[in-house]
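Architecture and fold: a report
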Amino acid sequence: MTDLLTISGLTRGFYGVSVLNGVDIAIPEGSFTGLIGPNGAGKSTLFNVVSGLYRPDGGAVTFAGEDVTALPPEALVRRRLVRTFQLARGFPKLSVFQHLMLYGREQAGESLVSALIGSHKARLREEALAEQAWAVIRRLKLDGVVDNPVVALSGGQKKLVEIGRALMAEPRLILLDEPMAGVNPSLTEEIAGHLVALNREGVTICLIEHDMGLIRRLCDPVIVMAEGRTLTRGSFDEVASDERVLEAYLGRRH
Ligand SMILES: Nc1ncnc2c1ncn2[C@@H]1O[C@H](COP(=O)(O)OP(=O)(O)O)[C@@H](O)[C@H]1O
Ligand SMILES: [Mg+2]
């Protein structure tokens, strides 16, 4: 498999404290890669830097053969590298449908004004977006809550809408930071099922997850981070039997 995303020597600190100490990671195209490591290892920060939310201090990120280091999130989303975000708090009254539409429009770099002016082109674009939003809604089985305000959703349904929002970008690679956190077991299975289906369709997935049972079932390869570095990588069984991984989780000092 060729690598879709390559991260090399990535560094980032906050207020003089370094959090990423030269991360090297390659994510094979088509893989369902797991990213694990003890709390504070820098996993979420890595996603924040790769997805353009934070600028790296050093190092490089290559996506589909192109240097995308320090590009802003919109530019990465246009290249179909997306991550999930918590639902915006700014639009509490927007329905699930409106939320997906709004996000699709943002991704197209289209202004609300141009959509409101109502040109023929804008209307066609609106129809295409609506069709896409409906496809996402059916896929995630959100039909029943499509007109509900996003704030009225359960925690688990919110997670589904967050995934739906990422799907509006027709991603090649999705970065998911604990999408099952705080979700009940049956919805966890449902989310896992959606991710497996997407992956079978060719979407590359990188999943940060605490639940080792899920990582074991879903992910290959598994990459382990500790103290802002890549510790090791392999199949779940390989990394789980690696003594350094156990040490990292136990917090032992080297
Ligand atoms: N915006 C930030 N400002 C200051 N420190 C941060 C920021 N983001 C992350 N950190 C620090 O970076 C370290 C790694 O955090 P994080 O990337 O969330 O780890 P993980 O997701 O592996 O648990 C933590 O010590 C955290 O406090
Ligand atoms: Mg985290």
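Keep in mind that what you see is a predicted model, and the values were worked out from it rather than measured.

Taken together, 6 strands build an open sheet; the order of strands is β6-β7-β8-β3-β9-β10 and the sheet is mixed. For this open sheet the edge positions go to β6 (81-83) and β10 (229-234), each flanked by a neighbour on one side alone. Here the strands of the sheet are splayed against their neighbours by 20° on average, with no regard to which way each runs. As defined by bridge partners, strand β3 (residues 32-36) adjoins strand β8 (residues 204-208) across 4 bridges and the pair is classed as parallel. When the sheet's bridge partners are listed, Leu 35 is paired in β8 with Ile 208. Strands β3, β6, β7 (173-177), β8 and β9 (222-226) of the sheet are contacted by helix α1 (residues 43-50), whose axis makes an angle of about 145° with β7.

Glancing now at helix α6 (residues 155-167). Compared with the 18 Å implied by 1.5 Å per residue over 13 residues, the 19 Å span of α6 between its first and last C-alpha is a close match. Across the 13 residues of α6, 10 count as buried, placing the element largely inside the fold.

Where interface size is quoted, it is often the accessible area lost as the parts come together. When the domains of the protein chain are assigned, the result is domain 1 (1-80 + 171-254) and domain 2 (89-170). On a C-alpha basis, the centroid separation for the pair domain 1 and domain 2 is 26 Å. Contact with domain 1, which involves 18 residues of that partner, is made by 13 residues of domain 2. The largest per-residue losses of area from domain 1 upon contact with domain 2 belong to Val 77, Pro 171 and His 194, which jointly make up 37% of the total buried on that side. Seen at the junction of domain 1 and domain 2, the total is 1 salt bridge. Measuring nitrogen to oxygen at the nearest pair gives 2.8 Å for the salt bridge that ties Arg 139 to Glu 201. Per element, the largest residue contribution to the side of domain 1 that touches domain 2 is 6 residues, and it comes from helix α7 (residues 185-200). Taken together, the residues of the side of domain 1 that touches domain 2 sort by class into 11 nonpolar, 1 polar and 6 charged.

A few words now on the state of the cysteines. Counted by the stated rule, this structure contains 0 disulfides. In this model Cys 206 remains outside any disulfide bridge; the closest cysteine sulfur is found in Cys 219, 8.1 Å from its own.

Here the structure, examined in full by the defined rule, presents 5 salt bridges. Between Glu 29 and Arg 172 there is a salt bridge whose closest N-O contact spans 3.1 Å. Within this pair, whereas Glu 29 is found in the loop between β2 (17-28) and β3, its partner Arg 172 is found in the loop between α6 and β7, the two being separated by 143 residues in sequence.

Before going further, it helps to spend a moment on helix α10 (residues 243-250). Those residues of α10 that sit buried are Val 245, Glu 247 and Ala 248. The buried residues of α10 occupy an angular sector of 160° when projected down its axis, which confines them to one face. Exposed residues pointing more than 90 degrees away from the buried face of α10 are listed as Glu 243, Leu 246 and Leu 250. Against the buried residues of α10 lie β9, β10 and α9 (236-240). Just past α10, the residue Gly 251 takes up positive phi, approximately 75°.

Rules and cut-offs
- Residues numbered from 1 in each chain as written.
- Chains lettered and ligands numbered in written order.
- Predicted model: local features only at pLDDT ≥ 70, side-chain atom pairs only at ≥ 80, totals over all residues.
- Heavy atoms only, no water.
- Pairing = 2+ DSSP bridges.
- Helix = DSSP H or I, 4+ residues; strand = E, 2+ residues; numbered from the N terminus.
- Axes fitted to C-alpha atoms, helices over the stretch in contact; angles between N-to-C directions.
- Contact = heavy atoms within 4.5 Å.
- Expected span 1.5 Å × (residues − 1).
- Buried < 20%, exposed > 50% of the residue type's maximum accessible area, 1.4 Å probe, protein only.
- Domains from an automatic or database assignment.
- Buried area = accessible area lost by both parts, 1.4 Å probe.
- Salt bridge = Lys/Arg side-chain N within 4 Å of Asp/Glu carboxyl O.
- Nonpolar A, V, L, I, M, F, W, Y, C, P; charged D, E, K, R; others polar.
- Disulfide = S-S within 2.5 Å.
- Arc of directions from axis to C-beta.

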